[in-house]
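# Working through the structure, step by step
As a plain string of letters, each chain reads:
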Amino acid sequence: MVFTNLPRDLESEILSRVPARSLQKLKPTCKRWYTLFKDPEFLKKHVGRAEREVLSLIGFRVYSVSVNLSGIHSSVDPPIEMTGMFNSLKDSANVKILEICECNGLLLCTTNDSRLVVWNPYTGETRWIPYKSSTRFAMYHKFVLGYDNSKSCYGYKILRCYHFYIDFGFEYEIYDFNSDSWRRFYDNSPNCSFISKGVTLKGNIYWFASDTKGRQFILRFDFTTEKFGRLSLPYQSGGYVDDVVETGVLSAVREEKLALLYERFDELTDTSVMKIWVTNTKIDEAKDLSWSDFLVVDSCKFMVPRMTNVMSFLVDEEKKMVVFCDTDSDQNMTRFYIVGEDIHKEVYNAITEGSFSYWPRLVSYAPSLVQIQQGKVNPGGKRKR
């Protein structure tokens, strides 16, 4: 039923709270709604309020994941279940996906043949991004998706980061969806190592990184100003320490905060500790980061002596639990764990296709009707490819 007697602003406000799946069904029922659901302002509001789901990249395929933390002790309802595989990208049925970066319900995918595609798994819309590697070390190129916050609608951009210590190379490029072109930039480009995968939050990208002396920090790239900046950790990092291995991973919490999972392994005692922090304020309200303790996982308590290979994780603040995935490289196996104050449990494992070097990913995903900008329109009326 169309809200014929409601003011347009109120109607838009109500519909912005309706899940994307329901909006898709409503689209053909009303011409006004069909137009509204394509409006960039409405889509921006809708994505910000969307109920987030969980996706996982396992064995070159993207799956929807059901997470039931209440069923952690149940033998009937599994806490983790792969509920379905998204269809292959419609423009290429045999594409194998090596990496994904989520932003507003869109996935930037890096494929096994070194191509880039932006994909909305919900609508099936895609855009292949023109790119040709400038060096032979293609696997060391990292790509992340973000957007310009100064515009009323999303002005999407892709950042390419290349760093490899064999040839001491550091390169950065930006692809702008509006101009359909890449450009190099050098302004305040950091000389550092990206330890974690990039996490997009409110249009900007964040990494857990370290400098050449092993001192760790949070690195942010602002897609609006196109500048890098360093942010504070919840602990003091003093650099490399003999017989100690440290690593960290970032995650987004409800598209508002950052979470940090930190592991420290002592080779002399063969023990490790896992700590998780969450930022105190919303990410767009703070110039720097302040953190609160969220969870400490004692390896001795749960008899987990060795460090895990965590590359992604998700936080449930209410239940005070964390879900993370890692890989057993000896068996080429993907594993999912749930950890909390009184639990450290493997809840899923499966042999996966492909090299262990391509780690499984867990991402928080907002199903959305956001449309992908399809390139620059040339004066002749044809869209540039």
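Coordinates for the structure precede this section.
In what follows, the accompanying structure is described. Here the structure is a predicted model, which is why all the values come from computation and not from measurement.

## Topic: the pattern of salt bridges
Between side chains of opposite charge, pairing is possible as soon as their charged atoms come close. Enumeration over the complete set of coordinates arrives at 23 salt bridges. The salt bridge partner of K157 is E226, with a shortest N-O separation of 2.8 Å. Of this pair, K157 sits in strand 9 (residues 155-164) while E226 sits in the loop between strand 15 (216-222) and strand 16 (227-231), and the two are 69 residues apart along the sequence. A relative accessible area of 6% means that K157 is categorised as buried. R183 is the salt-bridge partner of E226, the closest N and O atoms lying 2.5 Å from each other. On the criterion of sequence distance, the pair formed by E226 in the loop between strand 15 and strand 16 and R183 in strand 11 (residues 181-184) is long-range, its members being 43 residues apart. Judged by its relative accessible area of 14%, E226 is buried. Taking relative accessible area as the criterion, R183 reaches 36% and is therefore assigned partly exposed. One connected set of salt bridges, linked through shared partners, spans E13, R17, K45 and R49.

## Quick word on the sheet that holds strand 21 (residues 312-316)
Spatially, the four strands line up as an open sheet ordered 21-22-23-24, and their pairing is antiparallel. Two strands close off the open sheet at either side, each with one partner strand: strand 21 and strand 24 (343-351). Mean inter-strand twist for the sheet, computed between neighbouring axes without regard to direction, equals 20°. Relative to strand 23 (residues 333-340), strand 22 (residues 321-328) runs antiparallel, the two sharing eight bridges. Its bridge partner being in strand 23, V323 is matched across the sheet by I338.

## Section: the packing of helix 1 (residues 8-15) against helix 4 (residues 40-49)
For the pair helix 1 and helix 4, the least separation of the axes is 9 Å and the interaxial angle reads 35°. Across the interface between the two elements, S12, E13 and L15 from helix 1 touch F42, K45, H46 and R49 from helix 4. When the residues that make up the contact of helix 1 with helix 4 are grouped by side-chain class, the tally is two nonpolar, two polar and three charged.

## Comments concerning the nonpolar core
Counting residues in each nonpolar core, the largest one holds 44 residues, and the members touching the most others are L145, Y156, I158, L159, F177, W207 and F221. Residue-level mapping places this core at the junction of two domains, with at least three residues from each of domain 1 (7-38) and domain 2 (39-365).

## With respect to the pairing of strand 14 (residues 204-210)
Of all seven residues in strand 14, seven are buried, a share of seventy percent or more. Judged by which residues are buried, strand 14 turns out to be covered on both faces: N204, Y206, F208 and S210 on one side and I205, W207 and A209 on the other are all buried. Alignment of strand 12 (residues 193-194) against strand 14, held across two bridges, turns out to be antiparallel. Its bridge partner lying in strand 14, F194 is registered against A209. Where strand 13 (residues 199-201) meets strand 14, three bridges bridge the pair, whose relative direction is antiparallel. The residue bridging T200 from the neighbouring strand is I205, located in strand 14. As defined by bridge partners, strand 14 adjoins strand 15 across six bridges and the pair is classed as antiparallel. Directly across from A209, in strand 15, lies its bridge partner F217. Connecting strand 14 to the next strand, strand 15, in antiparallel fashion are five residues, including G214 with a positive phi near 85°.

The rules behind each value
Residues numbered from 1 in each chain as written. Predicted model: local features only at pLDDT ≥ 70, side-chain atom pairs only at ≥ 80, totals over all residues. Heavy atoms only, no water. Salt bridge = Lys/Arg side-chain N within 4 Å of Asp/Glu carboxyl O. Helix = DSSP H or I, 4+ residues; strand = E, 2+ residues; numbered from the N terminus. Buried < 20%, exposed > 50% of the residue type's maximum accessible area, 1.4 Å probe, protein only. Pairing = 2+ DSSP bridges. Axes fitted to C-alpha atoms, helices over the stretch in contact; angles between N-to-C directions. Contact = heavy atoms within 4.5 Å. Nonpolar A, V, L, I, M, F, W, Y, C, P; charged D, E, K, R; others polar. Core = buried A, V, L, I, M, F, W, Y, C linked by side-chain atoms within 4.5 Å. Domains from an automatic or database assignment.

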